[in-house]
Amino acid sequence: KGEASVSYEAALAGASTVSTGQYAVGVPAGVIHTRGTTVRFFQDPTQGTTNTACTYGGGSVTSITADSYRVYVTDGSNVFQALADGTGSYAFGASTLSNLSSYSGTAVVRCEKQRLWVGKGRYLWQVTDTSAAAGLGTLLTDTNPLMMTHPSSAWQWTDFAEGPNAVYAAGSAN
């Protein structure tokens, strides 16, 4: 109590010696870790020692996030999803948000304020309906329209953060 520690240090160090292109997100009972096109589930050591490859068919992962229901990863062209059910058998479905490949820049996904935020280059989407029944479909729909195009063509969205009354989006043009 009162002490912070890295409980996954040994497991993640054993997954890769690559120093870039790695992402991790906490999920029920553990962590999802990505490296390039490899996506793995590491079980919370207090729950067991599962270290299993996840089913994922996309390109190199550029960003990952999770809400209380799903895990989302993007390879820059598509956003893939898996149920965050705590079983450790995360199977990332086929492309769920498509059309990203027609936009320039690096894709980033984040879950803030019960919404999935997707930024790629100067373009920003707010996906409000990520329910299992609705599916995610394509980005450019009436329910998930392009929210903003930054006026600078050099702009790159880099992150999102939840505040008390808003979601803050960060980026830069150089």
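Preceding this paragraph is the structure being described.
Residues numbered from 1 in each chain as written. Predicted model: local features only at pLDDT ≥ 70, side-chain atom pairs only at ≥ 80, totals over all residues. Heavy atoms only, no water.

A. Local environment of the overall build of the chain. Each helix and strand in the chain was counted, giving 1 helix and 13 strands. Listing every helix and strand of the chain by position from the N terminus yields α-β-β-β-β-β-β-β-β-β-β-β-β-β. Accessible surface, the chain as shown: approximately 8900 Å² in total, 49% of it carbon and sulfur. (Helix = DSSP H or I, 4+ residues; strand = E, 2+ residues; numbered from the N terminus. Areas by Shrake-Rupley, 256 points an atom, 1.4 Å probe, with all protein chains shown as cover.)

B. The arrangement of the sheet that holds strand E9 (residues 115–120) in detail. Taken together, 4 strands build an open sheet; the order of strands is E8-E9-E10-E11 and the sheet is antiparallel. Of all the strands in the sheet, the pair left with one neighbour each is strand E8 (107–112) and strand E11 (146–149). Sheet twist, expressed as the mean angle between neighbouring strand axes with direction ignored, is 20 degrees. Pairing analysis gives 3 bridges linking strand E10 (residues 123–127) to E11, with the strands arranged antiparallel. Of the residues in E11, the one forming a bridge with Leu124 is Met148. (Pairing = 2+ DSSP bridges. Axes fitted to C-alpha atoms, helices over the stretch in contact; angles between N-to-C directions.)

C. Here's a closer look at unusual backbone geometry. Even without being glycine, Lys113 reaches a positive phi, approximately 55 degrees. Mapped onto the fold, Lys113 is located in the loop between E8 and E9. The phi angle at Gln114 is positive, at roughly 60 degrees, despite the residue not being glycine. Take Gln114: it is sitting in the loop between E8 and E9. Residue class for Gln114 comes out exposed when judged on its relative accessible area of 72%. (Buried < 20%, exposed > 50% of the residue type's maximum accessible area, 1.4 Å probe, protein only.)

D. Just the nonpolar core, in detail. Ranked by internal contacts, the top residues of the largest apolar core, which has 17 residues, are Val27, Ile32, Val71, Tyr90 and Phe92. Elements represented by at least two residues in this core include exactly strand E1 (22–27), strand E3 (38–43), strand E5 (63–66), strand E6 (70–74) and strand E7 (79–83). Among all residues touching Val71, those that are not within four sequence positions of it are Val25, Val27, Ile64, Thr65, Ala66, Phe80, Gln81, Ala82, Ala84, Tyr90 and Phe92. In terms of nonpolar packing, the next biggest core, distinct from the first, is built from 13 residues, Tyr72, Val109, Leu116 and Tyr123 among them. (Core = buried A, V, L, I, M, F, W, Y, C linked by side-chain atoms within 4.5 Å. Contact = heavy atoms within 4.5 Å.)

E. Spatial organisation of the pairing of E3. Across 6 bridges, the pairing between strand E2 (residues 30–35) and E3 is antiparallel. In the strand pairing of E3, Ile32 is matched with Phe41. Between E2 and E3, which follow one another and run antiparallel, lie 2 residues, and Gly36 among them has a positive phi close to 65 degrees. When E3 meets strand E4 (residues 51–53), the two strands line up antiparallel, connected through 3 bridges. For Phe41, the partnering residue across the bridge sits in E4 and is Thr52.

F. Examining the pattern of salt bridges more closely. Tallied over the full model, the rule gives 1 salt bridge. Among the salt bridges present, the one from Asp159 reaches Arg110, with a minimum N-O distance of 2.7 Å. A residue pair is termed long-range when its members are at least 10 positions apart, and Asp159 in strand E12 (residues 156–162) and Arg110 in strand E8 qualify at 49 residues. (Salt bridge = Lys/Arg side-chain N within 4 Å of Asp/Glu carboxyl O.)

G. Layout of the environment of Asp44. Relative to the helices and strands, Asp44 resides in the loop between E3 and E4. In this structure Asp44 comes out as partly exposed when scored by relative accessible area, which is 21%. For the pair Asp44 and Gly26, spaced 18 residues apart in sequence, the C-alpha separation works out to 9.6 Å.

H. Local environment of the pairing of strand E13 (residues 167–172). The pairing of E12 with E13 spans 6 bridges and is antiparallel. Each residue of the ladder has a partner; that of Ala161, found in E13, is Tyr168. If you look at the hairpin formed by E12 and E13, you'll find 4 residues sitting between the two strands.

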